Amino acid sequence: MSEQRKLYVRSFGCQMNVYDAQRMTDTLAREGYVETDSPDDADLVILNTCHIREKAAEKVYSELGRLRKAQEEAGRQQMVAVAGCVAQAEGAEIIKRARAVDLVVGPQSYHKLPELLAEAEARRSGKAGARAKLVETEFPVEDKFDFLAPPTREAIGKRGPTAFVTVQEGCDKFCTFCVVPYTRGAEVSRPLAKILDEVIRLADGGVREITLIGQNVNAYHGLDAAGRPANLAELVRRVADVPGIARVRYTTSHPRDMDEELIAAHRDMPALMPYLHLPVQSGSNRILAAMNRKHDRELFFEIVARVREARPDIAFSSDFIVGFPGESDEDFADTMDLVGRVGFASAFSFKYSPRPGTPAAGMEGQLPEDVKSARIYALQALLDRQKAAFDEACRGRRFDILLEKPGRFPGQLIGRSPYLQSVVVEAPREAIGTLARVEVREVSTKSLSGDILGGEFFAGRPIGETRFIGQSEKLEA
Ligand code: 5AD
Ligand code: SF4
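So, here's what we can say about the structure. Please read these numbers as outputs of a predicted model, since none were measured by experiment.

**Regarding the side chain of Gln 78**
- With respect to the element layout, Gln 78 can be found in the loop between helix H2 (54-74) and strand S4 (79-83).
- Take Gln 78: its relative accessible area is 1%, and that puts it in the buried class.
- A distance of 2.6 Å separates a polar atom in the side chain of Gln 78 from the backbone oxygen of Pro 39.
- Among the polar contacts made by the side chain of Gln 78, one reaches the side chain of Gln 71 at a distance of 3.0 Å.
- For Gln 78, the contacting residues outside a window of four places in its chain are Pro 39, Asp 40, Ala 42, Asp 43, Val 45, Leu 67, Gln 71, Asp 102 and Arg 124.

Rendered as structure tokens:
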């Protein structure tokens, strides 16, 4: 197919959706689709949806309503596909509720997009033999990653020096509040060699930082070349060894799967960033049991202590749910107590949202909205104070920043600290993709700013007086 058509993809929710959106874009690029950043001039719109909470899931319908209105006003012919976890969970229901939709495709079928789109088009033009409704939500036996196109060098360059790579998908943990085991399916790890091929390709295109992603990433157990399962610690080591890769991160982890080797990797590997997102959900053992979390608060404290011992400058982030069915004032106080004891550099907190088909949705003791609101307000205030204190403690510290993109004003670049904070510095555009040694000068709620002391791009240039301290040396505490 050589005719050029325009594709607009909008992703909601987690980082895996961002990654999936890129894989879909790369696959459709082979079919002649070029990306546009506006739905108005797109021939094909893909909404890549999230089903984790009701609010997220409802967004797709308001977005579809908006699209339909814009289509009518402009008299536009546009194909609309709904992908992601709402597609998986609601299937044909979406076509019933939103007539603008031509195709519903679940996360395990993205490799079939070209043929599904051709069929949806045939259906539109009334060709005989085309299926009446296009809903693809099977969990096929083949591995979609074997069929999804890799990005071109140009696409990698456009996406900047950091990249996500899915290494594991799905979940077998079945927390009672969570839809993921139903929407993403059983836990599957990609083979080590295929992940490394992808990382080598990204590094060749200029990527410097890889975030390994999976719903249960630290349960990774992909096969190595000898057919033996490799764990996440080994995968991280192999990824960090790829020439050009300076930094590695991984997310999201489950406390139960933080094994000794992974903790040791935080001690031994400077390229593994000292920042760990480790969802705890609640500080109450009673609620953790009702959530089927398979860990208690004591295990969480123990892991935090062990990781901190291995890597004293590590910072933690986490996810919390307030207002889970049956959560009492004492249970909530336990969550506040846990936060106080651990100290988080950043965190996400949510009001419990009953999800269709999950055990917790049918539990007794569902809490009223005002109780959930009061608790989330108190929890977020505490987490905000902790974040502000963590950021403030960075003033005057020196660390390496990966320069990612231009800032708001000419001459500025924005990079990320080891702790994922945005850091604004003055540097030329050519420095994008390099590590710069920065001393943090200003701290605000949104970002830090600092002075460049040296770095890969600045090596040998007369900037400041302090020598560049390479990535291989440990960060100062
Ligand atoms: N209600 C509220 N928050 C939820 N999460 C997952 N399911 C629900 C739910 N039903 C949160 C958890 C998880 C994060 C990705 O979303 O905190 O770690
Ligand atoms: Fe959902 Fe629990 Fe699996 Fe995380 S571990 S994806 S919260 S079921």
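**Examining the sheet that holds strand S3 (residues 44-49)**
- Across the sheet, six strands lie side by side as S2-S1-S3-S4-S5-S6; this open sheet has parallel pairing. Both outer strands of the open sheet, strand S2 (33-35) and strand S6 (135-136), are each paired with one neighbouring strand and no more.
- Together, strand S1 (5-11), S2, S3 and S4 form the strand contacts of helix H1 (residues 15-29), whose direction differs from that of S3 by roughly 155°.

**Topic: the packing of aromatic side chains**
- Within the structure shown, the criterion is met by six aromatic pairs.
- Arranged with centres 5.5 Å apart and planes meeting at 85°, the rings of Phe 320 and Phe 344 form a pair that is edge-to-face. Residue Phe 320 is located in strand S13 (residues 315-322), and its partner Phe 344 is located in the loop between helix H13 (329-342) and strand S14 (346-351); the two are separated by 24 residues in the primary sequence.
- The exposure class of Phe 344 is buried, given its relative accessible area of 2%.
- Residues Phe 390 and Tyr 419 carry aromatic rings whose centres are separated by 5.1 Å and whose planes lie at 90° to one another, so their mutual orientation is edge-to-face. In this pair, Phe 390 sits in helix H14 (residues 369-392) while Tyr 419 sits in the loop between strand S16 (412-416) and strand S17 (422-426), placing the two residues 29 residues apart along the sequence.
- Clustering of aromatic rings is evident, with ring pairs tying together Phe 390, Phe 399 and Tyr 419.

About the cut-offs
Residues numbered from 1 in each chain as written. Chains lettered and ligands numbered in written order. Predicted model: local features only at pLDDT ≥ 70, side-chain atom pairs only at ≥ 80, totals over all residues. Heavy atoms only, no water. Helix = DSSP H or I, 4+ residues; strand = E, 2+ residues; numbered from the N terminus. Buried < 20%, exposed > 50% of the residue type's maximum accessible area, 1.4 Å probe, protein only. Polar contact = N/O pair within 3.5 Å; in protein donor to acceptor, adjacent residues only side chain to side chain. Contact = heavy atoms within 4.5 Å. Pairing = 2+ DSSP bridges. Axes fitted to C-alpha atoms, helices over the stretch in contact; angles between N-to-C directions. Phe/Tyr/Trp six-rings, centres within 6.5 Å; stacked < 30°, edge-to-face > 60°.

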